[in-house]
Amino acid sequence: MTIALWCVLAGGLMPLIWTATAKFTGDRKLTPRDNKNPRAFLAGATGRQARANNAQLNAFEAFPLFAAAVLTAEWLDATQSIVDGLALTWVGLRLAYGFIYLADWGPLRSLVWFAALLCPVALFIVAA
């Protein structure tokens with residue numbers, strides 16, 4: 001299996017980092033009672049916990065384009081080292097995005113979000 005395909009797995013699991021942060025850090029921690037309706041618990045989150053939940057949601061939103069781009073590039077036999085490099089860059093940028101979101105650095109977060117978006121676009125381009 002290629003590095004890029006391992007990155008797809010990492011990207012698919014990445015939201016779990018942010019949901020765990022939202023549920024189990026901060027002043028309000030998810031309890032077994034709250035786990036009966038975790039979406040309501042997260043809807044009431046504030047501050048860093050709310051930002052962690054937003055990072056989770058954004059990770060879910062960013063994943064399909066990335067996965068499709070990697071699979072397309074692999075299927076069309078794009079240069080593997082480029083595909084691997086772009087996939088690793090995407091994972092690194094998306095992790096940075098989450099930590100920047102938690103830190104509440106809005107302008108930098110937007111810049112990193114855009115840089116990460118360019119990775120799947122580039123994957124489609126190198127597959128063309």
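A few points on the structure.

What counts and what doesn't
Residues numbered from 1 in each chain as written. Predicted model: local features only at pLDDT ≥ 70, side-chain atom pairs only at ≥ 80, totals over all residues. Heavy atoms only, no water. Phe/Tyr/Trp six-rings, centres within 6.5 Å; stacked < 30°, edge-to-face > 60°. Helix = DSSP H or I, 4+ residues; strand = E, 2+ residues; numbered from the N terminus. Buried < 20%, exposed > 50% of the residue type's maximum accessible area, 1.4 Å probe, protein only. Lys NZ or Arg CZ within 6 Å of the ring centre and 35° of its normal. Patch = residues over 30% accessible without salt bridge, like charges linked within 9 Å, V, L, I, M, F, W, Y side chains within 5 Å. Areas by Shrake-Rupley, 256 points an atom, 1.4 Å probe, with all protein chains shown as cover. Salt bridge = Lys/Arg side-chain N within 4 Å of Asp/Glu carboxyl O. Axes fitted to C-alpha atoms, helices over the stretch in contact; angles between N-to-C directions. Parallel < 35°, antiparallel > 145°, perpendicular 65-115°, else oblique. Contact = heavy atoms within 4.5 Å. Nonpolar A, V, L, I, M, F, W, Y, C, P; charged D, E, K, R; others polar. Expected span 1.5 Å × (residues − 1).

## Considering the packing of aromatic side chains
Turning to step 1, where the next piece is worked out: Tallied over the entire structure, the rule returns three aromatic pairs.
Turning to step 2, where the next piece is worked out: With a centroid separation of 3.8 Å and an interplanar angle of 5°, the aromatic rings of Phe66 and Trp90 are classed as stacked. Of this pair, Phe66 sits in helix 3 (residues 47-75) while Trp90 sits in helix 4 (residues 80-103); the two residues are 24 residues apart in sequence, bridging distant segments of the chain. Accessibility classification places Phe66 together with Trp90 in one group, the buried group.
Turning to step 3, where the next piece is worked out: With a centroid separation of 5.6 Å and 90° between ring planes, the pair formed by Tyr97 and Tyr101 is classed as edge-to-face. On the criterion of helical spacing, the pair formed by Tyr97 and Tyr101 is a turn pair, its members being four residues apart in helix 4.
Turning to step 4, where the next piece is worked out: Under the relative-accessibility criterion, Tyr101 is labelled buried at 12%.
Turning to step 5, where the next piece is worked out: For Arg94, the ring lying beneath its charged end belongs to Tyr97, and the centroid distance is 4.4 Å.
Turning to step 6, where the next piece is worked out: In this arrangement the basic side chain of Arg109 is found over the ring face of Tyr101, its NZ or CZ atom lying 4.2 Å from the centre.

## Here we look at a nonpolar patch on the surface
Turning to step 1, where the next piece is worked out: Together, Met1, Trp6, Leu9, Leu13 and Leu16 make up an exposed nonpolar region whose accessible area comes to about 560 Å².
Turning to step 2, where the next piece is worked out: Tracing the sequence through the fold places Met1 in the segment before helix 1 (3-24).
Turning to step 3, where the next piece is worked out: On the accessibility criterion, Met1 (66% relative accessible area) is exposed.

## Quick notes on the packing of helix 1 against helix 4
Turning to step 1, where the next piece is worked out: Closest axis-to-axis distance for the helix 1/helix 4 pair is 9 Å, and the angle between their directions is 5°. Accordingly, the angle class assigned to the pair helix 1 and helix 4 is roughly parallel. Each of Ile3, Ala4, Cys7, Ala10, Gly11, Met14, Ile17, Trp18 and Thr21 in helix 1 lies in contact with helix 4, whose residues at this interface are Gln80, Val83, Asp84, Ala87, Leu88, Trp90, Val91, Arg94, Leu95, Gly98, Phe99 and Leu102.
Turning to step 2, where the next piece is worked out: Its residues assigned to classes, the contact of helix 1 with helix 4 shows 15 nonpolar, four polar and two charged.

## Looking at helix 4
Turning to step 1, where the next piece is worked out: The first and last C-alpha atoms of helix 4 sit 34 Å apart over 24 residues, in line with the 34 Å expected at 1.5 Å per residue.
Turning to step 2, where the next piece is worked out: For helix 4, the full list of buried residues reads Val83, Asp84, Leu86, Ala87, Trp90, Val91, Arg94, Tyr97, Gly98, Ile100, Tyr101 and Leu102.
Turning to step 3, where the next piece is worked out: In this structure, the buried residues of helix 4 make contact with helix 1, helix 3 and helix 5 (106-127).
Turning to step 4, where the next piece is worked out: Of the residues one or two after helix 4, Asp104 is the one with positive phi, at around 65°.

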